[in-house]
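Overview (structure and organization)
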Amino acid sequence: MAGRSADDDDRGGTVVTPSAEFPPLEPAEVDALRRVGAHWRVGAPPALPVDPTLDRYRNRPTPGRFSRLAPIALFRPVPGAPAGRDGLVAAERADQPDSPLGRRLGRLRRVLLGPPLASAAVLHERMRKLVALPVLSSDLLSSVAYGPEALLTVLVLAGSGALGLALPLSAGLVLLMVAVGISYRQTIPAYPHGAGSYLVAGDNLGVGAGLTAAAGLMLDYVLTVSVSIAAGVHAITSALPGLTPFAVPLGVLVILLLLAGNLRGVRAAGNLFVLPTYAFVAAVLGLLVVGYLRAAGRGFAPVAPPVVPATEGLGLLLVLRAFASGAVSMTGIEAVSNAVPAFRTPEWRNARTTLAWMVAMLVVLFAGLTLLIHLAGLVPRPGETLLSQLARLTFPTGPWYAVVQVTTALILLLAANTAFNDFPRLLFFMARAGHAPRRFLHLGDRLAFGNGLVALAGTAVVVFVAFGGHTEKLIPLYAVGVFLAFTLSQSGMVVHWRRHRGDGWRRRALVNGVGAALSGLVLLTAAVAKFTEGAWVVVVAVPLLVLLFDRIHRHYRTLHAALALRPPSADPAPPTAACGPAAGPPGAPEGRPVEGEELPQELRHLVVVPVVRLNRASMRALAYAVSLGRPTLAVHLAPEDAEADRFREQWRAWGDHVRLETIVSPYRAVVGPLAHYLEALHTAAPELVLTVVVPEVVLRRPGHRLLHSRTGQRLRRALRALPGVVVTTVPVHVVE
């Protein structure tokens, strides 16, 4: 399944928890586990030689060999646990690295990102409405800075006479905003655990639709960061043209700063972005008030725009292109439905209220700016944004023009924060369903999805640099992905209401149906009209991403099937004493797959110790191998016969306590011949488990490691691919 509905998750509360990457066993797996345990025969376990709770030593801790910290003091019993019960809690210091460089980097990380947060703090990291509004609406509200300009940029291709169509097209966009906003208000209580379009489409239209919506959203979030940063940098260079050559490095720097801010956690990032958003809203409202007062002084008579020659004919296709371009003002309207778990309780009610405020503010700012631009007779021109022209005309003197430009640049730069909130959360839900790498389930030490944040920032930097930070080159890619998600989400909600048929379901389905139809119209228009302008990238990327998600899910499904517990089909016979290299329990099942053993009595061992030379490291490895009480074989690789003879003489001088096999490698290779020899042993006796004990000298100083070969590590990498082979390292630490 692409996701689960709200009903599936109600019993467990919000699914965005630190424990999400450790899913519980299914009932069938628990039953298989019980049946496997019933056949587990190892005899009475011996007494442990050390107290695992560490209580016996707690009053006399001593520093560790590699650390100035006392390791026992880094753990404490579980609060309230009865005496003798298992369970320890790691203190914050237990996560500190041992090396001096690691400790310095850790202190720098804490200065930049803050101290780690305990898992129990996840509930306190949620946002209240006044904080969530600017954090989640920055993308939506900032789009009014370039949405009207995107609409007029297309219309002006037909000449200045076509600019009058901006008003009816804007009215249609306002209708679309209201319809989609109401539709998402209905989505939030129906799916109160977030993931928006991905969950809704997957739950109602099938896995493929859910993955398609997810692909569209992911592209939208990456482009949100790129377009917002590009527009913000353009606003800065409009006011300060001298910074134009540094537009790309400046944009990359802002993306990295946003990454650092979001790695500090949801609440900390929210507090950073509250003031700029509210300041932008106040500045634009002030611009609208003063602008309309000036227009009222001349009786609201529109100023004639400058004459612009037509470069294209005015036709239906151009009008639809203009409508699709202006629709980028709606990007970010789905942000609240994707981030419902980030709100304080009651999550869905607070999210729905916040969405209503967002849509109302969007309609006021978009409609107000579009009409005021029409009354002022402004047209797009290179080098300066329309909002900058309007502010310069409205505030010819005083600091207010600078205030509008500064707040505009800030919210455009910070609008990318909406994507930083929603992109990692979407990856979390996809990873939970097995359609994205499971590392995206992990909550970092600041309770933020660090892996998802880094993935978003890295991808956005690549896109931003590839397009040179030009807004007009990025916007054609923008509308396709977001309106693909809108269309699938609203279509899925229509199916949802028809399936559940609660009170007023027809009215709700009609609202979502209107939203789906209008979103589908914009999607089709943007995909066709802007295909050659760059929309083809998204059209091609979406199916490729869906294919990638499917391959990831197929891998995890195969992995789950391979690792699933299998109840024993018959009662295995008890183990017998070892009697030679092939000794083992005669009752081990025949035809068992390689690495399919689940019971101790099913295992037949052969321990292999590669020996290069007879020294303390190899003696310790041999002693460890023999102490396991299993058949043991030593293997030595020699470059020529003479060296093999010398080694056999040394082996006999030691006492020949372990069977030795020498292999002459005339081409002086070590790792390859040894790996193939072990593979041949396994082929000859596939029922054996080969345990390879590798001696390794551990050097503390990094510079000294360069003076030695990495044969042990290369051997482990080569043997890791062999089935039925277990590699164990016996370290010998050299203190200098």
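For clarity, every value in this text was computed on a predicted model and none was experimentally measured. (Residues numbered from 1 in each chain as written. Predicted model: local features only at pLDDT ≥ 70, side-chain atom pairs only at ≥ 80, totals over all residues. Heavy atoms only, no water.)

1. What to know about the overall build of the protein
- A count of helical and extended segments in the protein gives 25 helices and 7 strands.
- Burial analysis of the protein (736 residues in total) assigns 49% to the buried set.
- For the protein, the computed accessible surface area is about 35100 Å², with 64% contributed by carbon and sulfur atoms. (Helix = DSSP H or I, 4+ residues; strand = E, 2+ residues; numbered from the N terminus. Buried < 20%, exposed > 50% of the residue type's maximum accessible area, 1.4 Å probe, protein only. Areas by Shrake-Rupley, 256 points an atom, 1.4 Å probe, with all protein chains shown as cover.)

2. As for unusual backbone geometry
- With phi around 55 degrees, F300 is a residue other than glycine that occupies positive phi space.
- Within the fold, F300 resides in the loop between helix 10 (266-297) and helix 11 (316-326).
- What makes F300 partly exposed here is its relative accessible area of 44%.
- In the Ramachandran plot, D656 falls in the positive-phi region, its phi being about 55 degrees despite a non-glycine side chain.
- Turning to its location among the elements, D656 is positioned in the loop between helix 22 (641-654) and strand 5 (659-664).

3. Topic: the pairing of strand 5
- The pairing of strand 4 (residues 632-638) with strand 5 spans 6 bridges and is parallel. Paired with L637 across the strands is I663, a residue of strand 5.
- Read from strand 4 through helix 22 to strand 5, the crossover connection turns out right-handed. (Pairing = 2+ DSSP bridges. Right-handed = clockwise from strand over helix to strand, strands pointing away.)

4. Regarding a nonpolar patch on the surface
- Together, F531, W536, V537, V539, V540 and L544 give the surface a local cluster of nonpolar side chains, amounting to about 510 Å² of exposed area.
- With respect to the helices and strands, V537 occurs in helix 20 (residues 531-563). (Patch = residues over 30% accessible without salt bridge, like charges linked within 9 Å, V, L, I, M, F, W, Y side chains within 5 Å. Salt bridge = Lys/Arg side-chain N within 4 Å of Asp/Glu carboxyl O.)

5. Some points on the environment of S388
- With respect to the helices and strands, the residue S388 is situated in helix 14 (residues 386-394).
- Separated by 13 residues in sequence, S388 and Y401 have C-alpha atoms that sit 7.9 Å apart.
- The contacts of S388, once residues within four sequence positions are left out, are S238, Y401 and Q405. (Contact = heavy atoms within 4.5 Å.)

6. Side note on helix 4 (residues 129-142)
- Counted at 1.5 Å a residue, the expected span for helix 4 with its 14 residues is 20 Å, and the 19 Å between its end C-alpha atoms agrees.
- At L136, helix 4 shows its largest bend, some 45 degrees.
- Across the 14 residues of helix 4, 12 count as buried, placing the element largely inside the fold.
- Considered for burial, the residues of helix 4 that qualify are V131, A132, L133, P134, V135, L136, S137, S138, D139, L140, L141 and S142. (Expected span 1.5 Å × (residues − 1). Bend = angle between axes of the 7 residues up to and from the residue.)

7. A look at empty space enclosed by the protein
- Applying the stated criterion across every chain yields a total of 1 cavity of 30 Å³ or more.
- If you add up the space inside the largest cavity, you get close to 40 Å³.
- Of all elements in the fold, only helix 5 (147-155), helix 13 (347-376) and helix 14 reach the threshold of two or more residues within the lining of the largest cavity.
- In terms of residue class, the lining of the largest cavity is built from 8 nonpolar, no polar and 1 charged. (1 Å grid on protein atoms, 1.4 Å probe; cavity = no way out; pocket = protein on both sides within 12 Å on 5 of 7 lines; lining within 4 Å. Points joined across faces, edges and corners; volume = space filled by probe spheres on them. Nonpolar A, V, L, I, M, F, W, Y, C, P; charged D, E, K, R; others polar.)

8. Digging into the pairing of strand 3 (residues 604-610)
- A large share of strand 3 lies buried, amounting to 7 of its 7 residues.
- The alternating pattern of strand 3 places R604, L606, V608 and P610 on one face and H605, V607 and V609 on the opposite face, and all of these are buried.
- Pairing between strand 3 and strand 4: 4 bridges, direction parallel. Bridged to V609 within strand 4 is A634.

9. Section: the packing of aromatic side chains
- Summed over the entire model, instances satisfying the criterion amount to 7 aromatic pairs.
- Considering the side-chain rings of F428 and F449, the 5.1 Å spacing of their centres and the 40 degrees angle between planes classify their relative orientation as tilted. Placement of F428 in helix 16 (residues 416-432) and of F449 in the loop between helix 16 and helix 17 (450-466) is noted, with a sequence separation of 21 residues between them. Exposure class is identical for F428 and F449. Each is buried.
- The ring of W497 has R508 lying over it, and the distance from NZ or CZ to the ring centre is 5.4 Å. (Phe/Tyr/Trp six-rings, centres within 6.5 Å; stacked < 30°, edge-to-face > 60°. Lys NZ or Arg CZ within 6 Å of the ring centre and 35° of its normal.)

10. Comments concerning the side chain of S170
- For S170, the position within the fold is in helix 6 (residues 166-190).
- Overall, S170 belongs to the buried group, its relative accessible area being 6%.
- At 2.6 Å, the side chain of S170 forms a polar contact with the backbone oxygen of A166.
- Apart from the residues within four sequence positions on either side, S170 is in contact with L151, F366 and T370. (Polar contact = N/O pair within 3.5 Å; in protein donor to acceptor, adjacent residues only side chain to side chain.)

11. Description of helix 5
- Counting buried positions along helix 5 gives 8 out of 9 residues, so the element sits mostly inside the fold.
- Considered for burial, the residues of helix 5 that qualify are G147, P148, E149, A150, L151, L152, V154 and L155.

12. Here's the deal with the confidence of the model for the protein
- Chain-level pLDDT for the protein is 78 on average; 78% of the residues reach the 70-or-more range.
- Across residues 1-14, where pLDDT falls below 50, the model places 30 contacts with residues more than four positions away in sequence or in other chains.
- Note that residues 574-591 has pLDDT below 50 and, in this model, 21 contacts with residues that lie over four places away or in other chains. (pLDDT = per-residue confidence, 0-100.)

13. Some words on the pattern of salt bridges
- Within the structure shown, the criterion is met by 6 salt bridges.
- Here R648 and D645 are joined by a salt bridge, their closest N and O atoms 2.5 Å apart. Separated by 3 residues within a single helix, R648 and D645 lie in helix 22, roughly one turn from each other.
- One salt bridge in this structure joins E661 and R659, with 3.4 Å as the shortest N-O distance.
- Relative accessible area serves as the criterion here: at 26%, E661 is assigned to the partly exposed category.
- Residues joined by salt bridges that share partners form a network here, namely R381, E384 and R392.

14. Some remarks on the packing of helix 8 (residues 207-239) against helix 17
- Running from N to C, helix 8 and helix 17 cross one another at 55 degrees; their axes reach a closest spacing of 9 Å. It follows that helix 8 is oblique to helix 17 by the angle criterion. Once helix 8 is placed against helix 17, the crossing between them reads as right-handed. Side by side, helix 8 and helix 17 meet where Y221, V222, L223, V225, S226, I229 and A230 of the first sit next to L456, T459, A460, V463 and F464 of the second.
- For the contact of helix 8 with helix 17, a count of residues per class yields 10 nonpolar, 2 polar and no charged. (Axes fitted to C-alpha atoms, helices over the stretch in contact; angles between N-to-C directions. Parallel < 35°, antiparallel > 145°, perpendicular 65-115°, else oblique. Left-handed = near helix turned anticlockwise from the far one by under 90°.)

15. What about the environment of S228?
- On the secondary structure map, S228 appears in helix 8.
- When residues no more than four places from it in sequence are discounted, the contact partners of S228 are D139, L223, L412, L413, A415 and A416.

16. Notes on the packing of helix 9 (residues 247-263) against helix 16
- Where helix 9 contacts helix 16, the two axes come as close as 10 Å, and the packing angle between them is 45 degrees. In terms of orientation, helix 9 lies oblique with respect to helix 16. Both helix 9 and helix 16 take part in a crossing whose hand is right-handed. Along its contact with helix 9, which presents I255, L258, L259 and N262, the element helix 16 presents A416, N417, F420 and N421.

17. Some words on the nonpolar core
- L155, V225, I229, I255, F420 and F483 are the most contacted members of the largest nonpolar core, which totals 148 residues.
- In terms of nonpolar packing, the next biggest core, distinct from the first, is built from 20 residues, L637, Y677, V694 and L722 among them. (Core = buried A, V, L, I, M, F, W, Y, C linked by side-chain atoms within 4.5 Å.)

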